[in-house]
Structure formats: C-alpha cells, structure tokens
Amino acid sequence: MTMAEARISVLCSGNGTNLQALIDSCASNAPDSIRGKIIKVTVNRKGAYATTRAEKAGIPTDYFNLVKDGYQKLGEKDPEVLKEARLRYDADLAERILRDKPDLVVLAGWMHVLTPNFLRPVSDAGVPIINLHPALPGAYDGAGAIERAYEDFKAGKLQDNTTGIMIHYVIAEVDRGEPILVQRIQIQEGESLEDLEQKIHGYEHGLIVKATALLAEKISAAKAEKP
C-alpha cells in the first residue's frame, strides 16, 4: 500500500457481509482490489456482527446509538421529539466520522436514513458518501425494495421481469442520488422471494467492491498528484 491510498469509513447496522467483501478486497493484492484502507467501522445497532468482522481485521469500531447515547428515550413516540433526536444524532455522527479525516464514506447495510445534518457537513468536507440499494435507479426507493419488485413480478407488472441493484451517491432524497454502478437482475419463473433475495445478495458484494474500488482509485490518483 502507498501513502496515497484512500481512507474509507464504513457504516453498518447488521451482519456486515458487504463490509466483509470490502475488508477482503482491501487486503487483496489483486489488480482490481480496493486501493484503500478502512479506517473505522461505525455501527448503530448493539450486537451487529459487523463489529466482530471489523475487530477480526484490526479495524477500529464505534457503536453509536440514538438511545444508548442519549438522543432519545426507548419507546419514544412523539414524532417531533424523534425528528429532533435524529437531527442532533446526525450532526454528531458527521462530527465523529469527519474526525478520522476519511476520503470516502460507504454505507454498507446502514439502516438509518441520513438527514442533511449529516450529509451537509460531510459534503462540505469534500467527502463522497455512497450506498447500495437493491433496486434499479428510480424504482422501489426506500425499504422493502426486493419484496416490492417481487410482488410486481408475481402480478405481471415488472418490466422485462427485471429488477437490480445499484451503488449511488447519497443525497437527502432517499435512494435518488446519482448512480455509480448498476446491475440488472432478471427474476425467473418459479423463483421464490427467498431465492431472489439470495441471488441479489450474491451480486451485492461484487458491486459494492467494484464501486468502492473505482472511487478509491480516483481518490488515490488525486492524492498522489498533490505536492
């Protein structure tokens, strides 16, 4: 690894299989591997296995949670209180992430919609944020994308019987940022929802690594040119 490698901060909420794919690629010497170093893995759910994956790879972790860290009470229902809590949490999350001086932020199964209180300071620092979404651009934004595509397939309403996945830049509008890479995936007759989920997850690992490698290469080249 050269000094020009990209510094990557990864945010996760769960098992961390996409994180593992990123870790493996960063450790690989293959020509298409990620030219970068994961400097921190942040999780927002207690017991997220992503933490264990990071620790095994010697990567620092940060468990930062809305309730644990005092932003809202457990079971809070008031929408205004919840909104205010999210805004304060996101502002502080941005501060924690930027402290490490990352070149790139990757959302790898991060189950928390980020508000402008996070997006704005990170963008102002010149750090791109990318996310994986299991749908084609403009289709099935938000939660339950695979299930919604499958329901349309069963109803004969899915165009060309095709859904997909994309890696896109993160903006305030959920899953509407500019796509970086897109993978089309056809649903076969007789395929169950579980079959489709497994197939999509199989493609996800490759695509998130490919997109991260693409951006890390650009970042590394730009850093190497600096005096």
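Heads up: these notes are all about the structure in this document. Not measured: the values here are computed from a predicted model. (Residues numbered from 1 in each chain as written. Predicted model: local features only at pLDDT ≥ 70, side-chain atom pairs only at ≥ 80, totals over all residues. Heavy atoms only, no water.)

Here we look at the overall build of the chain
Here's step 1: When you go through the chain residue by residue, the secondary structure sums to six helices and seven strands.
Here's step 2: Each helix (α) and strand (β) of the chain, taken in turn from the N terminus, gives the series β-α-β-α-β-α-β-α-β-α-β-β-α.
Here's step 3: In terms of overall size, the chain behaves like a compact globule, its C-alpha atoms giving a radius of gyration of 18 Å where 227 residues would be expected to give roughly 17 Å.
Here's step 4: Across its three principal axes, the chain shows a C-alpha extent of roughly 55 × 50 × 30 Å.
Here's step 5: Relative to its 227 residues, the chain shows a buried fraction of 46%.
Here's step 6: Taking the intrachain contacts of the chain between residues at least 6 apart in sequence as the baseline, contacts between residues at least 24 apart amount to 67%.
Here's step 7: Summing over all exposed atoms, the chain offers an accessible surface of approximately 11,800 Å²; the carbon and sulfur share of this is 51%.
Here's step 8: Across the chain, the centroid of the 28 positively charged side chains sits 5 Å from that of the 32 negatively charged ones. (Helix = DSSP H or I, 4+ residues; strand = E, 2+ residues; numbered from the N terminus. Rg over C-alpha atoms; globule rule 2.2 N^0.38 Å. Buried < 20%, exposed > 50% of the residue type's maximum accessible area, 1.4 Å probe, protein only. Contact = heavy atoms within 4.5 Å. Areas by Shrake-Rupley, 256 points an atom, 1.4 Å probe, with all protein chains shown as cover. Lys, Arg positive; Asp, Glu negative; His and termini not counted. Charge placed at Lys NZ, Arg CZ, Asp CG, Glu CD.)

Some remarks on the packing of helix H1 (residues 17-27) against helix H2 (residues 49-56)
Here's step 1: At a closest axis distance of 9 Å, the pairing of H1 and H2 adopts a crossing angle of 15°. On the basis of their axis angle, the class for H1 and H2 is roughly parallel. H1 and H2 meet at a crossing whose hand is right-handed. Contacts between H1 and H2 involve Thr17, Leu19, Gln20 and Ile23 from the former and Ala50, Arg53 and Ala54 from the latter. (Axes fitted to C-alpha atoms, helices over the stretch in contact; angles between N-to-C directions. Parallel < 35°, antiparallel > 145°, perpendicular 65-115°, else oblique. Left-handed = near helix turned anticlockwise from the far one by under 90°.)

Let's talk about the packing of aromatic side chains
Here's step 1: By the definition in use, this model includes four aromatic pairs.
Here's step 2: Between Phe64 and Tyr89, the aromatic rings sit 4.6 Å apart at their centres with planes inclined by 15°, giving stacked as the arrangement. Here Phe64 is found in the loop between strand E3 (61-63) and helix H3 (79-98), whereas its partner Tyr89 is found in helix H3, with 25 residues between them in sequence.
Here's step 3: Arranged with centres 6.0 Å apart and planes meeting at 40°, the rings of Tyr150 and Phe153 form a pair that is tilted. Here Phe153 and Tyr150 lie together in helix H5 (residues 145-154), a separation of three residues that amounts to about one turn.
Here's step 4: Judged by relative accessible area, which is 12%, Tyr150 ranks as buried.
Here's step 5: Positioned above the aromatic ring of Tyr63, the side-chain terminus of Lys68 is 4.9 Å from the ring centre.
Here's step 6: The ring of Phe64 carries the charged tip of Arg96 above its face, separated from the ring centre by 3.9 Å. (Phe/Tyr/Trp six-rings, centres within 6.5 Å; stacked < 30°, edge-to-face > 60°. Lys NZ or Arg CZ within 6 Å of the ring centre and 35° of its normal.)

Points about the sheet that holds strand E2 (residues 36-43)
Here's step 1: Ordered by their spatial adjacency, seven strands build an open sheet running E3-E2-E1-E4-E5-E6-E7, and the pairing between neighbours is mixed. In this open sheet, the two strands that pair with only one neighbour each are E3 and strand E7 (179-186). The mean inter-strand angle of the sheet, taken between neighbouring strand axes irrespective of direction, is 20°.
Here's step 2: Pairing analysis gives four bridges linking strand E5 (residues 129-133) to strand E6 (residues 162-169), with the strands arranged antiparallel. Residue pairing across strands places Asn131 opposite His168, the latter belonging to E6. (Pairing = 2+ DSSP bridges.)

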